[in-house]
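# Examination of the molecular architecture
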Amino acid sequence: QAAAALAKLGLAERLEALRAKPADAPLSSVPELHPVSLAATLRSFYNSLFTGAVLALPVFERIGNRTLRAEARSGVAGKIAVAYGELYEGVKELDVATHTPDQVRTLLE
């Protein structure tokens, strides 16, 4: 579910591009990490954090047990936070991420 959420948010593609980038290649050489489009993706992600859309996945609502549903949401939130942290650290030099990984983690809780 975390992978589906990351794809829906547009972060999966950016993260895959970051992971596939050769170590000696500049970030600017990777189209998916272009500052303008990356900033737009991050703005959309932040907006979904504030509206709660990040964890609004229909599959969670099908879990009848409230405790299990909360655990599932928490697990997905944790994976999203880890993925965001990796992306944040990888593109830090572009100065397009306006929220730290800790801030994102807090918003996901």
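See the structure printed just above.
Below is a summary of the structure that appears in this document.

Quick notes on the rules
Residues numbered from 1 in each chain as written. Predicted model: local features only at pLDDT ≥ 70, side-chain atom pairs only at ≥ 80, totals over all residues. Heavy atoms only, no water. Salt bridge = Lys/Arg side-chain N within 4 Å of Asp/Glu carboxyl O. Buried < 20%, exposed > 50% of the residue type's maximum accessible area, 1.4 Å probe, protein only. Helix = DSSP H or I, 4+ residues; strand = E, 2+ residues; numbered from the N terminus. Arc of directions from axis to C-beta. Contact = heavy atoms within 4.5 Å.

Before going further, it helps to examine the pattern of salt bridges. This structure, assessed with the given rule, holds three salt bridges. Across the pair Glu89 and Lys92 runs a salt bridge, and its minimum N-O distance is 3.2 Å. For Lys92, a relative accessible area of 45% translates into the label partly exposed. With its nearest N and O atoms 3.0 Å apart, the salt bridge here joins Arg105 to Asp102. One end of the pair, Arg105, and the other, Asp102, are both in helix α6 (residues 101–108), three residues apart, so they sit about a helical turn from each other.

Residues spaced three or four apart along an α-helix point in a common direction, a consequence of the helix completing one turn every 3.6 residues. Three or more residues of α6 are buried, namely Pro101, Val104 and Leu108. Looking down the long axis of α6, one finds its buried residues gathered within 60 degrees of arc, a one-sided arrangement. Away from the buried face of α6 by more than 90 degrees, exposed residues Asp102 and Thr106 are located. Residues of α6 that are buried sit in contact with α3 (35–51) and α5 (66–90).

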